[in-house]
Amino acid sequence: MAADSDPESEVFEITDFTTASEWERFVTRVEEVLNDWKLIGNSAGRPLEKGEYSNGTWEEKTQEINFADFKFSITHHFLKQDSAENDGREEPEEDAVPGAMQDLLCMNNDFPPRAHCLVRWYGVREFVVISPGANCEAVISESKCNLLLSSVSISLANTGCQVPVFVQIQQKWRRMYAGECQGPGVRTDFEMVHLRKVPSQYNHLSGLLDIFKSKIGCPLTPLPPINIAIRFTYVLQDWQQCSWPQQPPDFDALLAGEVGGVEFGKLPFGACEDPISELHLATTWPQLTEGIVVDNDVYSDLDPLQAPHWSVRVRKADNPQCLLGDFLMEFFKLCCRKESTEDILGRNSLEEEGKENSDISHALSKLTEPSTVPMSRLSVSNMVHSARKRIRRHRRVEESPLSNDVLNSILLYLFPDATERPSEGSDSKATQSNAESKVDKESEDYKLYNQLKSAPSDSLTYRLSLCLCMVNFYHGGVRGVAHLWQEFVLEMRYRWENNHLVYGLASGPPDLRCCLLHQKLQMLNCCIERKRSRDEGRKGGTGTETGRERRVSGRAPPDGGKAKLKPEGRLHPHGKLTLLNSSEPLYIPVTQEPAPMTEDLLEEQSEVLAKLGTSAEGAHLRARMQSACLLSDMESFKAANPGCSLEDFVRWYSPRDYVEEEAADENGETVVRGDLSARMKIPGNMWVEAWETAKATPARRQRRLFDDTKEAEKVLHYLAVQKPADLTQHLLPCVLQAAILKMKDEESSEDIPSVRRAIQQVISHSSKLLRHPNPDNKKLEDVINQVMEMEAVVARARSLKAKFGLGKVERGDDAENLERFVSSLQEEPEVMVIGAGRGPAGSIIHKLFVNAQRVALLSPMEEDSGRAGVAEERRPGVGGLPDFPPPAGREILLRTCVPRPAPYSKALPQRLFCVLMREDFRLAGAFSSDTSFF
Amino acid sequence: MASATDARHGQKESSDQNFDYMFKILIIGNSSVGKTSFLFRYADDSFTPAFVSTVGIDFKVKTIYRNDKRIKLQIWDTAGQERYRTITTAYYRGAMGFILMYDITNEESFNAVQDWSTQIKTYSWDNAQVLLVGNKCDMEDERVVAGERGRQLSEHLGFEYFEASAKDNINVKQTFERLVDIICEKMSESLDAADPAVTGAKQGPQLTEQPAAPHQDCAC
């Protein structure tokens, strides 16, 4: 010992030639740790508040120590206490009993719902445990146990540490501990008995009292009173009387036909199994004294219904299978699939070629006969069908992942315009997504797409995402997804080729707040719209003259020269202005709309612009690249206003660049004189330059600023090459949005504040996440896991409500209390039952147990109904059925304060905690003795 | 202070890797309120009475230091003419800051501020930061918009406000630096308060099973 406490021993550990044994080193090591953790000295603390063990925070510190090459971990567990309060407390008397001993008797924290087992058994607020390291064998032999205990004893004596130290002995699962606590002149030994079966003589209170008394061996008569606390726990596992309400939705029936597409938009929700597996009822008699109750081998006063305290905890099923979560997760998993649509659908790539050929010939014939079929006569459902027939032709039906029926109903859901009769003018409605549905576009929920960068909840994109998700889950997984996508792309091409707007997309340029796929579809619609208006412009052209004009389009317009030009492409007169050089009113021309852009195009373009650098030439080039629109507008303006000047153009286009000043003319009259602004007069500037090159050409004869054909083909190609994994990436935000909305909806009917908070967190969390072009998959998975958690919480709430019959009871104080009780069951580890067995909640619990008892004990008879006679004979037993099953666990806590070992010793705390279960019997005793007077 | 993604985002847009973060800033406002002059003053410290009216969108770059970090400002200058609205608003998304400018000698440009602010709200990220700037404050003789009105409007809109002059170099640098500071603040705020990684870890257990100790209680 002496050699070891020499500080140099640390330094020269390897070449230590002293005679110190491994054992001595171990003891020293323990002492060092106790010193490091400052566990030395008086440990008496303030008395504990009621319930502090479960409300307060427990902390622990761990370190590894060795006994020779055997690893132990030493852990300090302690209840975090207000340090400020500790500082303020006055120094306790020198020879006060250690805190741990005082805690043995404290009655404020019996049976804490959540605590370390040693806390439960011994009621201590602070302790140290030495247990074998993770991969080390248990300490089983008696001599080893004793050696360990001796080490502890020596360490405690050497350091003066008053915190109890335990060593874990026997196999880990047995949770056997032995320990010791030392104080000035006092010592407590912690001992334990652990058996597989409850010995019959100790199967009741009186037997246990006998052990306790004999163990104390108190020489006093009469014996000071023994304080008794008892807790019986009953487990309810059988919920048969209220079967789990959730039925797995029958999706096959849904898709069978007659059910409208509306159902597709619904996400499944809820747990497939009961997410609450057990209910534990603890009936407690917190304070009894010997003689008040009788509990022996023939009779017991301990009727759970009469227990003064009832508390309940529920056991949740581990990871209950929840529909919505599974749905999301399965979809999310597609992200990792590498295959392209063609890889998955196999041979189709070959057929694609054949199809392409036929398409080309088809296209040619279409070109040759002008305006083939009048659109009005083509119903959309025909279109959907004929579009599909083309691939169906080449693929045998049984090879298709999606059956015809399923596919048809999905397509009808996606494209509801297919069912509308063309006479009703479905075209005009096509862009107003679900015009008739009462979607509140100003609502927070509707605008969620803005935060998640998904798509509006009434859009095609959103519906598509739900369908893909559903197909993935119920209809063939990734193959189904690939199949549906292929059909979808085909439909898009068909719509483009037939000038039919894509239904369910807001009109106008791509909405950059939405996901890229949505933008692409909007882009396609822009193209279709442009193409249509071009076609219409052609058809609606008045007379032959326009017809001829069209034919010369592309060629330079005939140079008007001196001939008076006929104005063209006027939109409407400006109203206020006339041309400077004539009295003609200034007309605003029909102009070309600037090219709509999706965010990827935009990024590409801004990259190109940025690459030009910041030099003056770069800036000039940039301006030139962007001048197409300016030039086009100038040409349109010139065509609409023959004889106009740049000043006229500027007055319309950029009014502040035309400066008007009042000046006196030679006659002294004030006239308004106008001039271009200084910046417009900079020689060779872009505006002047463009004006000079601009020819008078109306917008419809100009080169198109936006090549809808090219852009549409680009979009269609983009769509065609998307792999299922890409689709998932594109559409996950939509699916998340749907899930969040679903969750909100479900929560609102349950009203669970924690879920409501969690929803907000998930929204703000995912809105940050989804803003990045390539969100982190790991984090997305976290979001989905959070959704799953919320779903489980809601499902549990439902389960509990069903079990406690909430909603059936009449309103009133009782109902409100009951509601509060049920909702706290989920949030707190253990909930007090107000009024115990006689309160409203108590009586429901009682009924649950009675029903379960009846079912459990009668069912064998019902099964045996064939032998009815026998059953009849047994029936009289029914009346004698106990309301409760035998308790699953009984805990009996005995305490007293007596002098030990001699009558003249100090009176010290003694405690025995008994646990009686069917296959587990444990006595955990703490017996203190006076070490000065014995 | 800022997320690494911003830098990554930046790298894609420019070969100049020599910075820690890149902020994209947009200058918007009516035609001829002095946006281009303002930018030239800041980026090149030069002033010309007349710049060619911007066609479409143009940009300049300036690198500054904040807390030992190099921040590259990519400042986009936009055409103010009505006709260019659709083109320029497309660039709003992705901008972390806006300088919304009006001309104190031009009532109309001031009246349009509300409109521009709506445009920002519609097209930009919800946490984009905006500064309101009344330019040409050197031309006190021709002032038609009182400073007080600018201040009131900025309060109403919730933006910070500066009067500045590109010509006399008043408050130009300050405007940009203040904007950068606000962006930095906002960024660190959102990282502290609700970084996905942090919140995800923190919030998870709330909903999960109560962290039952393995040896919780033996009786049940």
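Predicted model only: the values in this text are computed from it and were never measured.

**Comments concerning the overall build of chain B**
Per the secondary structure count, chain B includes eight helices and six strands. In sequence order, the secondary structure elements of chain B are arranged as α-β-α-β-β-α-β-α-α-β-α-β-α-α. Counting the 220 residues in chain B, one finds 57% classified as buried. Relative to all contacts within chain B whose residues are 6 or more apart in sequence, the contacts with residues 24 or more apart total 72%. In the form shown here, chain B has an accessible surface area of approximately 9,200 Å², with 48% of it arising from carbon and sulfur atoms.

**Observations concerning the nonpolar core**
When a protein is soluble and globular, its nonpolar side chains tend to lie buried together. Residues and elements named next belong to chain A. With 86 residues, the main nonpolar core has Leu414, Met492 and Leu719 as its most contacted residues. When residues no more than four places from it in sequence are discounted, the contact partners of Leu414 are Leu460, Arg463, Leu464, Cys467, Leu484 and Phe488. Formed by 56 residues, the second largest nonpolar core is a distinct cluster that contains Leu34, Leu48, Met101 and Ala178.

**Topic: the UniProt feature "domain: Rab3GAP catalytic subunit conserved" (unreviewed entry) in chain A**
With numbering matched to this structure, UniProt assigns "domain: Rab3GAP catalytic subunit conserved" (unreviewed entry) to residues 566–719 of chain A. Along residues 566–719 of chain A one finds 42% helix and 18% strand; the C-alpha atoms at either end are 45 Å apart.

**With respect to the pattern of salt bridges**
Counted according to the given criterion, the structure contains 53 salt bridges over all chains. Notably, a salt bridge pairs B:Asp45 with B:Arg41, separated by 3.0 Å at the nearest N-O pair. Under the relative-accessibility criterion, B:Arg41 is labelled buried at 13%. In this structure, a network of salt bridges that share partners links the residues A:Arg120, A:Arg231, A:Arg313, A:Glu830 and A:Glu891.

**Some words on the packing of aromatic side chains**
Applying the stated criterion across every chain yields a total of 35 aromatic pairs over all chains. Judged by centre distance (4.6 Å) and plane angle (25 degrees), the ring pair of A:Phe649 and A:Tyr653 falls under stacked. Of this pair, A:Phe649 and A:Tyr653 both sit in helix 25 (residues 646–653), four residues apart, which is roughly one turn of the helix. The exposure class assigned to A:Tyr653 is buried, which follows from its relative accessible area of 4%. Pairing A:Phe649 with A:Trp691 gives two aromatic rings, centres 5.6 Å apart and planes at 35 degrees, and the pair type is tilted. With a gap of 42 residues between them, A:Phe649 in helix 25 and A:Trp691 in helix 26 (residues 686–693) connect regions that are remote in the sequence. Here A:Phe649 matches A:Trp691 in class, with each residue buried. The rings of A:Phe637, A:Phe649, A:Trp652, A:Tyr653, A:Trp687, A:Trp691 and B:Tyr84 are connected pair by pair, giving a single aromatic cluster. Directly above the ring of A:Trp496 sits A:Lys531, whose terminal nitrogen or CZ lies 4.2 Å from the centroid. Taking the ring centre of B:Tyr42 as reference, the NZ or CZ of B:Lys62 above it sits at 4.9 Å.

**Here we look at the interface of chain A and chain B**
Taken together, the 72 residues of chain A in the interface contact 53 residues of chain B. Approximately 5,700 Å² of surface area, both sides summed, lies buried where chain A meets chain B, with 55% of it carried by carbon and sulfur atoms. Among the residues of chain A in contact with chain B, A:Arg656, A:Arg679 and A:Arg771 are the three that bury the most area, contributing 14% of the side total. The interface formed by chain A and chain B includes three salt bridges. Taking the shortest distance from any N to any O, the salt bridge between B:Asp103 and A:Arg656 comes out at 3.1 Å. The interface formed by chain A and chain B includes 15 residue pairs in polar contact (both at pLDDT 80 or more). Taken together, the residues of the side of chain A that touches chain B break down into 29 nonpolar, 21 polar and 22 charged.

**Some details on the packing of helix 15 (residues 404–414) of chain A against helix 18 (residues 460–474) of chain A**
All names here are of chain A. Following both chains from N to C, one finds helix 15 and helix 18 inclined at 160 degrees, their axes separated by 9 Å at the closest point. Compared by their axis directions, helix 15 and helix 18 come out roughly antiparallel. Regarding helix 15 and helix 18, the two cross each other, and that crossing is right-handed. Of the residues in helix 18, those touching helix 15 at Ile410, Tyr413 and Leu414 are Leu460, Arg463, Leu464, Leu466, Cys467 and Val471. Class assignment of the residues belonging to the contact of helix 15 with helix 18 gives a composition of eight nonpolar, no polar and one charged.

**Some details on the pairing of strand 5 (residues 129–135) of chain B**
All names here are of chain B. Buried residues dominate strand 5, accounting for seven of its seven residues. Neither face of strand 5 is open: one carries Gln129, Leu131, Val133 and Asn135, the other Val130, Leu132 and Gly134, and all of them are buried. Taken together, the seven bridges between strand 4 (residues 97–103) and strand 5 define a ladder with parallel strand orientation. Bridge pairing links Phe98 to Val130 in strand 5. Where the polypeptide runs from strand 5 across helix 6 (residues 147–157) and back to strand 6 (residues 160–163), its parallel neighbour, the crossover connection is right-handed.

**With respect to the sheet that holds strand 4 of chain B**
Sheets are built from strands paired through backbone hydrogen bonds, the pairs being either parallel or antiparallel. Residues and elements named next belong to chain B. Across the sheet, six strands lie side by side as 2-3-1-4-5-6; this open sheet has mixed pairing. Of all the strands in the sheet, just strand 2 (57–66) and strand 6 have a single pairing partner and so form its edges. For this sheet, the mean inter-axis angle between neighbouring strands, taken without regard to orientation, is 25 degrees. Where strand 1 (residues 21–29) meets strand 4, five bridges bridge the pair, whose relative direction is parallel. Counted as the bridge partner of Ile25 is Gly97 from strand 4. Lying over the sheet, helix 5 (residues 113–123) contacts strand 1, strand 4 and strand 5, oriented at roughly 165 degrees with respect to strand 4. Against the sheet, helix 6 engages strand 4, strand 5 and strand 6, with an angle of about 160 degrees to strand 6.

**Some points on a nonpolar patch on the surface**
Together, A:Val294, A:Val298 and A:Tyr299 give the surface a local cluster of nonpolar side chains, amounting to about 310 Å² of exposed area. Take A:Val298: it is sitting in the loop between strand 8 (276–289) and strand 9 (309–316).

**Some thoughts on the confidence of the model for chain A**
Residue and element names in this part refer to chain A. Mean pLDDT for chain A: 77, with 79% of residues reaching 70 or above. Confidence, read as mean pLDDT per element, is least for helix 33 (residues 868–874) in chain A (37) and greatest for strand 4 (residues 165–169) (92). Long-range and interchain partners of residues 84–90, a stretch whose pLDDT sits below 50, account for four contacts in this model, where long-range means more than four residues apart.

**Side note on the environment of A:Arg530**
Mapped onto the secondary structure, A:Arg530 falls in helix 20 (residues 516–539). As a C-alpha pair, A:Arg530 and A:Tyr53 span 477 residues in sequence and 73 Å in three-dimensional space.

**Quick word on unusual backbone geometry**
All names here are of chain A. Cis geometry is adopted by the peptide bond preceding Pro901, which originates at Arg900 and carries an omega value of 5 degrees. Mapped onto the elements, Pro901 comes out in the loop between strand 15 (889–899) and strand 16 (907–917). A positive phi angle, close to 55 degrees, is found at Ala68, a residue other than glycine. Structurally, Ala68 is set in the loop between strand 1 (58–67) and strand 2 (70–79).

The rules behind these values
Residues numbered from 1 in each chain as written. Chains lettered and ligands numbered in written order. Predicted model: local features only at pLDDT ≥ 70, side-chain atom pairs only at ≥ 80, totals over all residues. Heavy atoms only, no water. Helix = DSSP H or I, 4+ residues; strand = E, 2+ residues; numbered from the N terminus. Buried < 20%, exposed > 50% of the residue type's maximum accessible area, 1.4 Å probe, protein only. Contact = heavy atoms within 4.5 Å. Areas by Shrake-Rupley, 256 points an atom, 1.4 Å probe, with all protein chains shown as cover. Core = buried A, V, L, I, M, F, W, Y, C linked by side-chain atoms within 4.5 Å. UniProt positions renumbered as here; feature names shortened; annotations may be inferred. Salt bridge = Lys/Arg side-chain N within 4 Å of Asp/Glu carboxyl O. Phe/Tyr/Trp six-rings, centres within 6.5 Å; stacked < 30°, edge-to-face > 60°. Lys NZ or Arg CZ within 6 Å of the ring centre and 35° of its normal. Buried area = accessible area lost by both parts, 1.4 Å probe. Polar contact = N/O pair within 3.5 Å; in protein donor to acceptor, adjacent residues only side chain to side chain. Nonpolar A, V, L, I, M, F, W, Y, C, P; charged D, E, K, R; others polar. Axes fitted to C-alpha atoms, helices over the stretch in contact; angles between N-to-C directions. Parallel < 35°, antiparallel > 145°, perpendicular 65-115°, else oblique. Left-handed = near helix turned anticlockwise from the far one by under 90°. Pairing = 2+ DSSP bridges. Right-handed = clockwise from strand over helix to strand, strands pointing away. Patch = residues over 30% accessible without salt bridge, like charges linked within 9 Å, V, L, I, M, F, W, Y side chains within 5 Å. pLDDT = per-residue confidence, 0-100.

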